[in-house]
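Residue-level structure breakdown
Now for the letters of each chain:
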Amino acid sequence: MSEGHSPAAGPARLNTSVAHNARVWNYWIGGKDHYEVDQRVGEHVAGMFPVIRAVARADRAFLGRAVRFLAAERGIRQYLDIGTGLPTVDNTHEIAQRIAPESRIVYVDNDPIVLVHARSLLTSSPEGVTDYIDADVHDPEGIVQRAADTLDLTRPVAVMMLGILNFVLDTGEARDIVRRLLDAVPSGSHLVLTHPTYDGDVGGEGNVAAMEFWNAHATPPITARSRAEIAAFLDGLEPVEPGLVPCSQWRAGPAPAAPVPQFGAVAVKP
């Protein structure tokens, strides 16, 4: 890990009195890095919208399939993982470096507890590099500038944005962030995306009330979007088959997987 960021700088901002997405998500996928308030809010949301635990697990499984595809089939050796969340098992660098030990990974998040855990858990293979940037998705130029200390931005990069654009409430701003990030990486780079939806055909109606509760009792505020709005994040890119689908069904193998109200896609920059 980079020694550029002291854990002492982060925990001063740590607020354990309000539920936080990174910790509640950790609770939903069976982790241990959360507080009582996170468990309480997580249980309430799951009571309102029981599929949320399946969404969390499907999103995590999508991450594994997408990184394995990029490393093994597309030869990607650099990853910019924005909105990392709390480290669990089979993080991006572990999956990529298992296939290609020389892979270089930069994680980006701005939650103090994520920073503390990242420094202790996100270790690299000897041949590769793993680093962590304490930065906000609303500052794509700052992310790119600091990621360039670790990544060679003249070579293809996988820009990982799993469950992060839903915290950028203005859709136009979210599209602009994606464009600015992809403008900074060369042809052959990939965007890896997941995003919650309220579309009824994949069971998303319950997201509306659940997110209203979340926004009143937890942080940061969140929004869902329609399939068409999420597809617009891929404008100018070439989606990898099967395109934008529920993340549980993206290259999930021959056995049919139940859809979840969380779309996923991988797309390449021409």
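Here goes a summary of the coordinates provided. All chains use their own residue numbering, which begins from 1 and follows the written sequence. Note on the predicted model: pLDDT of at least 70 is required for a residue's local features to be given, and 80 or more for side-chain atom pairs to be given and counted; whole-chain, interface and lining totals, by contrast, use all residues. Side-chain figures throughout are based on the complete set of non-hydrogen atoms in the structure, without hydrogens or water.

When accessible area is computed with a 1.4 Å probe and restricted to protein chains, residues below 20% of their type maximum are described as buried, those above 50% as exposed, and intermediate ones as partly exposed. Only DSSP runs of H or I reaching four residues or more are called helices, and only runs of E reaching two or more are called strands; each is numbered from the N terminus. Within strand β2 (residues 78-82), five of the five residues are buried, leaving the element largely enclosed by the surrounding structure. Residues of β2 alternate between two faces, with Gln78, Leu80 and Ile82 on one and Tyr79 and Asp81 on the opposite face, all of them buried. Two strands qualify as a pair provided that DSSP identifies no fewer than 2 bridges between them. Here β2 pairs with strand β5 (residues 158-162) via three bridges, running parallel. Residue pairing in the sheet places Asp81 in a bridge with Met160 of β5.

Quick look at the packing of helix α3 (residues 52-73) against helix α4 (residues 92-99) now. The description of two packed helices rests on the angle between their axes and on the distance between the axes. The angle between two axes is taken between their N-to-C directions and runs from 0 to 180 degrees, where each axis is a line fitted to C-alpha atoms and a helix contributes only its stretch in contact. The geometry of α3 relative to α4 is characterised by a closest axis approach of 9 Å and an angle of 35° between their N-to-C directions. Here α3 runs over α4; the crossing is right-handed. Here Leu63, Gly64, Val67, Arg68, Ala71 and Ala72 of α3 lie close against α4, whose contacting residues are Thr92, Ile95, Ala96 and Ile99. Charged residues are taken to be Asp, Glu, Lys and Arg, nonpolar residues to be Ala, Val, Leu, Ile, Met, Phe, Trp, Tyr, Cys and Pro, and polar residues to be all remaining types, Gly included. Of the residues belonging to the contact of α3 with α4, the class tally is seven nonpolar, two polar and one charged. Crossing handedness: left-handed means the near helix sits turned counterclockwise from the far one by under a right angle, and right-handed means the same turn made clockwise. For this analysis, residues touch if any pair of their heavy atoms sits within 4.5 Å.

Quick look at the packing of aromatic side chains now. Stacked, tilted and edge-to-face pairs are distinguished by plane angle, under 30 degrees for stacked and over 60 for edge-to-face with tilted covering the rest, among Phe, Tyr and Trp rings (Trp via its six-membered ring) whose centres lie within 6.5 Å. Going through the model one piece at a time under the given rule, you end up with three aromatic pairs. Considering the side-chain rings of Phe69 and Trp250, the 5.8 Å spacing of their centres and the 80° angle between planes classify their relative orientation as edge-to-face. Note that Phe69 is positioned in helix α3 and Trp250 in the loop between β9 (245-246) and β10 (262-268), a separation of 181 residues in sequence. Both residues of the pair, Phe69 and Trp250, belong to the buried class. A connected cluster of aromatic rings, assembled from ring pairs, spans Phe62, Phe69 and Trp250. Should the NZ of a Lys or the CZ of an Arg lie within 6 Å of a ring centre and within 35 degrees of the ring normal, that charge is described as sitting over the ring. Here Arg251 stacks its cationic end above the ring of Trp250, 5.5 Å away from the centre of that ring.

Attention now goes to the nonpolar core. Of all hydrophobic cores here, the largest spans 85 residues; its most connected members are Tyr79, Leu80, Met161, Leu191 and Val266. With residues near it in sequence (within four places) discarded, Val266 still touches Phe62, Ala66, Phe69, Leu70, His190, Leu191, Val192, Glu238, Pro239, Val240 and Trp250. Only buried Ala, Val, Leu, Ile, Met, Phe, Trp, Tyr and Cys residues count toward a nonpolar core, and they belong to the same one when joined by side-chain atoms within 4.5 Å.

The next thing to look at is the side chain of Asp109. Structurally, Asp109 can be placed in strand β3 (residues 104-109). A polar contact of 3.2 Å, which involves the side chain of Asp109, links it to the backbone nitrogen of Thr84. Not counting residues up to four positions away in its chain, the partners in contact with Asp109 are Gly83, Thr84, Gly85, Val114, Tyr132, Ile133, Asp134 and Ala135. As used in this structure description, the phrase polar contact means that two N or O atoms lie within 3.5 Å; if the pair is within protein, one of them must be able to donate a hydrogen and the other to accept it, and residues adjacent in sequence are counted only when both atoms belong to side chains.

Function cannot be inferred from these measures alone, as they are strictly geometric.
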